[in-house]
Every structure is written in structure tokens, then in C-alpha cells.
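# An overview of the molecular structure
Read off the chains here:
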Amino acid sequence: MSIPTRSTRRASSRLQQKGTKSQPPEPADDADSDISTVAPNPTRKKQKVTKSNAAAAAKPNANATLSAAGVAKQMAVWAKVRGRRGQLKLVVEMPFDILLEIFQYLPPADLLCLTKASKSLRALLLARATAYSLWQFAFDSLAPAPPSCPDDLNLPQYANLLFTKTCYYCDTARGLMRIWVSYVVTCKNCFGQLFFSPARSPELRRISRILTGRTVDNKNRYSNEGLFYLKSEYERHSTALNRLKHDVDREKYVTDESQKLSARRKMLRELHSWEAPQSALKSKGIEDRRKNRAEAIKEKIEELGYGDVLETLTSWGRSLSLPHTKGVKPLTDREWEKIKPELIAALDEQRQETRIDDRRTLLRKRTGPLRSVYTYYISHNRSIAGVSPSCLEVAKTEPFRTMIYDTPSDKKLTEADFLAHVDELPKIFESWRERTTNFLLGLIPQDLEAKDSSGEVKKSGSAKGKEKATVPIDDAILDLAITLFGCNGCTAILPYHRALSHSCFTLCKNIPDENPTVEQSADPNSCWNEIGTAKYHQAASSSAREIITILRKDPRTAIGRELDDARQRLECVRCFSHTPAGRPKRVIMDWRNAVSHDVLHHKSSLEAAQTAEQKETTKWQVVEGKTLTAVYKKETADSAPGKELWRFVRCIECNLWKIDENGSLVGPANTNWVITQRKLAPGDRCLLQHDTGTYPAEYPGFLSHQPYAVTLY
């Protein structure tokens, strides 16, 4: 007697609206047979009937009289169903011998994926009577073959342990950990819920031999720190041991379970040996697919005419650094049309960057000979070394600008070409000094000279309503000790001569933020204060005025060099403290470091203008007598970190450039850095016994970091 089976087709109202009808399958020939050619069908839940479907079911012949608009509307409703429904529903209706013939070519990983595709395929592939030989053949065809299946697992379970790509508990594919000895594949989030690290106890010592787990960040192999056990396994063994009343029975239970676990631990090494080459093969396969995709994209790019850009992208053995080239999927024509606009934009940008790099390299190469000529001129005119334009600005001044920027790229410039115009350098230097000096004079407030020695502004007798006339500022004001400039890009305090050579003013370039040209982006040279960071340092000027007044000097006439030669010292009263032993701790420094200390430690740029006009308590105290002698003695010690370094000089003879008989520039004869760059005290001789007594020292400046100070205890 044959028993008809249920249809595997869907009988939903959506299919009825589309005009599809379910065809009942042929009945089985022998219902009592163990092996059937018809796959077992799971019971299906009743489909939920919506209002629209119920109305359609009430009128079975309504589709025949629907208009074209109605049919289109029904098709649109069907199109809103997510996913591809019913693609594998007819597979299980094929004869089983045909399915076996197809599935025998699949590896275990693909069979495992089919078991998760639909309930019908799962029931078909997990039936031991029909699918055991299929799984066995799939495992036998693997190369390299994994270890044989353990006795406590069947082949589908073993395949799930070896090849699953998701967590057993949350189906995530990220951060997977295969814990072989526990037969568990879990993610990092589920690991914390499934495993635990119990505290040491007699019970743990008793059953630790029959527990499986994983070691996480265990630095000491002789400790249990970082050893995690499977929580369900621990609870199962604990419950079983608690039921046994006698120690003999408990020991027998532990021995039996330990023998079962020993087989797993023996197989553990084999699994690790099999896993390593599998990971290498997987990585190699991914790399090969990624390389094939990159090669396909290269061919497409060359057809578009971007072969020159590819050479720069793949030079020096680099991989193709473009969007969509790191994927592993084969490149299709449809995908290429989708990613082509983005790739073209990236290639155009790379071509522009290549042009900029080539232009910058050319300009730097041409500026090199000019730098040698510039160094030669400075070595013979050391008096203007600190108040001269940089070589980068000389390169942008005629006649050198035309030679560097407008000469054809195929023509090579030499030192002789620039030496022919060395007589133009004095005019260039003088013009630059006049231009920068006028700019700095324009930053100085007009009322600077109107302040008296106390720092208060004198009232003028001009009539009300009349505009104040702009009086030109004398150049001599630049040499005053209170004339100090600053930088918006750093915390430097700059007197006039240091402002002319400040690195932020000479090296920074002004490149437009939007649509810069190739020449603007590639130009390696820059002009003084090109980005406009120079400013007048109001806070430092106010502090200097106050400190000079405390030193009993007139701020309106005091010059920095005169204050340096006076060698007066001041103590910061605000920093007075005591050591842990109770001894007084006094911070003492010269006037330059006092200005830096006041601005950096006791004033902000906004507070400086306010506190200058306020009558506050004593901030500074002049050091005299025995205390001053002790300060001098400590400053001359070898361990002093920075005592008036500006007074030291370098030997000019050791750094002198010359022109040889062939008209070529020759650098210093001695290239030893210890000799050429060694700082000497005024009047001393260098290692080569050159006289340095008449050579000028550097222009003194202000420390912009921790000011040098002497601490007395």
C-alpha cells in the first residue's frame, strides 16, 4: 500500500495570484523500504493570509478579468518580497540517485553549506541510511586529509567542527576560535559566556583532569591564571560527582572520563598539524585571486590610456594602490562599469601628484648649485649671516628665479651659471632687509614710544575730533630691548635680528586650499613670512618693560646688548618655595630668561596686557652681593645647561668656502663636524689654532621652552 507524500511546493496566496498551481508528486513505490528515492519532507507551518490575499482567494476567477494595470500592480507586490524564494524547492524532487551523483563531487565544506540551505536538503543530507557513504567519500577525497573522525562525533558534526565559518551560538563570522579539544567553535563574545576561570579549590583539582578548555594570555605555564574551562562540562561533571557517595566511585568516574578525554588530546596535535597548511593554502588562494583581480584591473586601465600612471603606482615592487583592487572576487564587465568613474578620478589625481613630484624634484635639483653659491658668499661675509634672506627666498628673486623656474627642463644648470651672478647678491640682500624691516616696523604699535618708564601711556594734547597723525617709527626702535616679536605658529619670543631668520617665517609656504596649480604645489622655495605668522609680542614687550624698570634702566633707551653686558640677575619671587628638608629654594636668571619665564609660566597672551597696568605685589627682585657671586659661580659650572650660549662663536676659517682654479666651489678643507661646528668662547682658538677674537658672535635670543635658571638652595 502506497502512502502519498505531501507536496513541497508553496501554496501561498501570492503564488495563486501569479497563476501557479502546485503539482502533487508521484507516490512512493515502496513505503516500507529503508531507502526511498523521495526525500523526506518536514511539516510546514500554515502561511499567514493577509487581507489582500484573502480577497483574492474569495474570487478565484478575478485574475481572468484583471486589467493590465491590475496585473502590473500584483507583480509589483510580488517584487517586494525579499530574497529569491523557491530556487531550491525542486532539487529534492529529483531522483535520489541523480542527487547522489551530483553531490559526490562536493567537498565536505560544500555539503555542510547545503545542509544549511533548506530544511529539505538538511533532512536529505543528514539521513544516515542514505547520506553516510556520501560524507565518507567527500572526506576521503580531501587533500591533505584531516585526522580520522573521532568516535564521539559523526561525519556531519566533524565537518561542522572543521569547516564552519560561523559561531555555533550566534552565527557571527568575526573573531572565531576553534577549541578542538572541546569540539566548540565560538566567537570572542560567546567565549566569555560559555567558558569561565574557576577559583582554586579541592573540587577543581579533582576534576581538572577531565575538563576541556583553552588557555588565554597565560604567561606562566605553571599557574592556572588564564585557563578557562567549558562551563556546561564543568557543571555536568560536578553534578555527576556530587551524586556519588563514595570516594572509590568518584575516582572510578574520573578515571573513566579521563580515558575518554585522552583520545581527544591525542588527536589535538594532529588537528594542529592539519590546520597550519590549511591556513597557508587559504591565504595563498586569497592572494592569487586578489592578484588576478588586480591584473584584470591593470589591463582595463591600460586600455583607458593610464599606463604611465601605473608605472608610478607599481614601482619599487609595490602592489597596485587603487580603490577596489584589494578584493578577491573576479572582475566582471558589470562591476567594471560601476567602479570605472572612481578609478578614473583616482588615476587623474595620481597623475597630478606625479607631475607635482617631478616638478618639485627638478626645482630642488636646480636650487642645489645656488645653495653652494649662497654658502660661499655667506662664508666670506659673516657679519650679515644672521640678517640675510634664506637661500629659498634668493631662489625666488631675479635673476635666479628665471634661471630656476623658466629654464627648459632638459637643460642642466651648474654652479658656474649661478657664480656669474654672485655680484647681484649684495643688492638682493639689501633690498630684502629693507623690505622686512619696514614690515616689522609696521607691526610695532604707534604708542610704544609714548609710554614712560612705568609703562603708562602719556596723554597727548591734541584737540578733540582731530585724527591722530601717523608718525614714522625710527629704525633705532628695533634695537630696543622692549621691541619683541612673536609667531602665531609657535611660542617663540623674537628680537629684531632673530625675527629675520626665524624658521617659521622662512620655511613655511602659502599654498591655496582650493584648486592649487602645479607650480604652487610643487614649489619647494618660500619667501619670508609668506603665510603671515609674524606678529608683535605684546605680552613679552610688557614683561620686558617691567623687568628693565626693576633693573633701574630706562625701557625707552635700553638696548639688549647693554643689558647682557651688565650681567644683572633677577629672582622670581612668585616661584620661591622650600625643599622637603625645609631649605629655601630660589629661582634666579638673567633678564632674557626672566622675560621668557614670565610669559610662559605666569602670564597668558590675554593676561599680559591687563597685568601690565595693574599695581601688583613684587614679582622680581634684583640679586646682589654674595648671592650674585654664588649665581655666577654656579653658572660657570660644567653642569650648567645653557649659560649664555649666544656668546660662543664658530671658527670662520674652518667653515670658509673657496673657488679653485677650474672655477668650481670647494667646501671647507676639513669636514670633521667636531672642528667646523664646535662652539668657542670669545678669544679662544679652534683646534686648528685659528684666531677667533675678532669674529662676531651670534645674535642673542629668548628661550621658547624651559627658560634657563639657576636654583639656589
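Only a predicted model underlies this, so the values are computations on that prediction, with no experimental measurement involved. Sequence order sets the numbering: in each chain, residues are counted from 1 along the sequence as written. Where totals are concerned, whole chains, interfaces and linings use all residues; where local detail is concerned, this predicted model gives features only for residues with pLDDT of at least 70, and gives and counts side-chain atom pairs only at 80 or more. Hydrogens are left out, water is left out, and the side-chain values use all remaining heavy atoms of the structure.

A word on the pattern of salt bridges. Salt bridges are defined by distance alone: a side-chain nitrogen of Lys or Arg within 4 Å of a carboxyl oxygen of Asp or Glu. All told, the structure shown has 22 salt bridges when counted by the stated rule. Note that Arg 293 is salt-bridged to Glu 335, the shortest N-O span being 2.6 Å. Of the two residues, Arg 293 sits in helix H12 (residues 247-303) while Glu 335 sits in helix H14 (residues 333-379), which places them 42 residues apart along the sequence. Accessibility here uses a 1.4 Å probe with only protein chains present; expressed as a share of the type maximum, an area under 20% marks a residue as buried, one over 50% as exposed, and anything in between as partly exposed. For Glu 335, a relative accessible area of 24% gives the class partly exposed. One salt bridge in this structure joins Lys 300 and Asp 333, with 3.8 Å as the shortest N-O distance. With Lys 300 in helix H12 and Asp 333 in helix H14, this residue pair connects regions lying 33 residues apart in the sequence. On the accessibility criterion, Asp 333 (57% relative accessible area) is exposed. Secondary structure elements are taken from DSSP: a helix is a run of H or I of four residues or more, a strand is a run of E of two residues or more, and numbering for both begins at the N terminus.

Among the buried residues, those of types Ala, Val, Leu, Ile, Met, Phe, Trp, Tyr and Cys that are joined through side-chain atoms within 4.5 Å form a nonpolar core. By size, the foremost hydrophobic cluster in this structure holds 66 residues, and its most contacted members are Phe 429 and Trp 591. Residue contributions to this core peak at seven residues, all from H14. Counting residues in hydrophobic clusters, the runner-up holds 28 residues, among them Leu 111, Leu 124, Phe 139 and Tyr 158.

Let's shift gears to the sheet that holds strand E7 (residues 493-494). Spatial ordering of the open sheet is given by E7-E6-E8, a layout of three strands whose pairing is antiparallel. Two strands lie at the open edges of the sheet, namely E7 and strand E8 (534-536), each paired on one side alone. Note that strand E6 (residues 485-487) and E8 share three bridges and pair antiparallel. Its bridge partner being in E8, Phe 485 is matched across the sheet by Tyr 536. Packed on one face of the sheet, helix H18 (residues 425-443) meets E6 and E8 and runs near 45° to E8. Think of it this way: DSSP has to see at least two bridges between two strands before they count as a pair. Any two residues whose heavy atoms approach within 4.5 Å are treated as being in contact. Axis definition: a line fit to C-alpha positions, over the contact stretch in the case of helices; interaxial angles, taken between N-to-C directions, run 0 to 180 degrees.

For the protein, the average pLDDT comes to 77, and 71% of its residues sit at 70 or higher. Confidence per residue, as judged by the predictor, is encoded in pLDDT with a range of 0 to 100. Low pLDDT (under 50) marks residues 49-66, which in the prediction has 11 contacts with non-local residues, meaning those over four places away or in another chain. Confidence drops under a pLDDT of 50 for residues 638-642, and excluding neighbours within four residues, the segment shows five contacts in the predicted structure.

Here Pro 668 lies in the loop between strand E14 (665-666) and helix H27 (673-676). The residues contacting Pro 668, other than those within four sequence positions of it, are Cys 654, Asn 655, Leu 656 and Trp 657.

We place a 1 Å grid over just the protein atoms. Points where a 1.4 Å probe fits but has no way out form a cavity, open points with protein on both sides within 12 Å along at least 5 of 7 lines form a pocket, and any residue with an atom within 4 Å of a point lines it. Grid points are joined across faces, edges and corners, and a volume is the space filled by probe spheres set on the points. There is about 690 Å³ of room inside the second largest pocket. Lining the second largest pocket are 19 residues, with Leu 162, Phe 163, Arg 178, Gln 278 and Lys 282 positioned closest to its centre. When contributions to the lining of the second largest pocket are tallied by element, the ones reaching two or more residues are helix H5 (108-115), helix H8 (155-163), strand E1 (176-179) and H12. In terms of residue count, the dominant contributor to the lining of the second largest pocket is H12 (eight residues). A per-class count over the lining of the second largest pocket returns 10 nonpolar, four polar and five charged. Any residue outside Ala, Val, Leu, Ile, Met, Phe, Trp, Tyr, Cys, Pro, Asp, Glu, Lys and Arg is labelled polar, Gly included; the first ten of those are nonpolar and the last four are charged.

Here H8 crosses H12 at 55°, and the two axes come no closer than 12 Å. On the basis of their axis angle, the class for H8 and H12 is oblique. Counted together, Tyr 158, Leu 162 and Phe 163 of H8 and Met 267, Leu 271 and Trp 274 of H12 form the full contact between these two elements. For the contact of H8 with H12, the residue count by class is six nonpolar, no polar and no charged. Any angle that falls under 35 degrees is termed roughly parallel, while one over 145 is termed roughly antiparallel, one within 65 to 115 roughly perpendicular, and all others oblique.

Here we come to the environment of Pro 584. Within the fold, Pro 584 resides in strand E11 (residues 584-589). Among the residues examined, Pro 584 registers a relative accessible area of 37% and is labelled partly exposed. The spatial distance from the C-alpha of Pro 584 to the C-alpha of Leu 712 is 7.9 Å, given a sequence separation of 128 residues.

Quick look at helix H22 (residues 538-550) now. In a regular helix each residue adds 1.5 Å, so 13 residues correspond to 18 Å; H22 covers 19 Å between its end C-alpha atoms and thus fits that length. Those residues of H22 that fall on the buried side of the exposure criterion are Ala 539, Ala 540, Ser 541, Ser 542, Ser 543, Ala 544, Arg 545, Ile 547 and Ile 548. Arg 552 sits one or two positions beyond H22 and adopts a positive phi of about 65°. Expected helix span is given by 1.5 Å per residue-to-residue step, counting one fewer step than there are residues.

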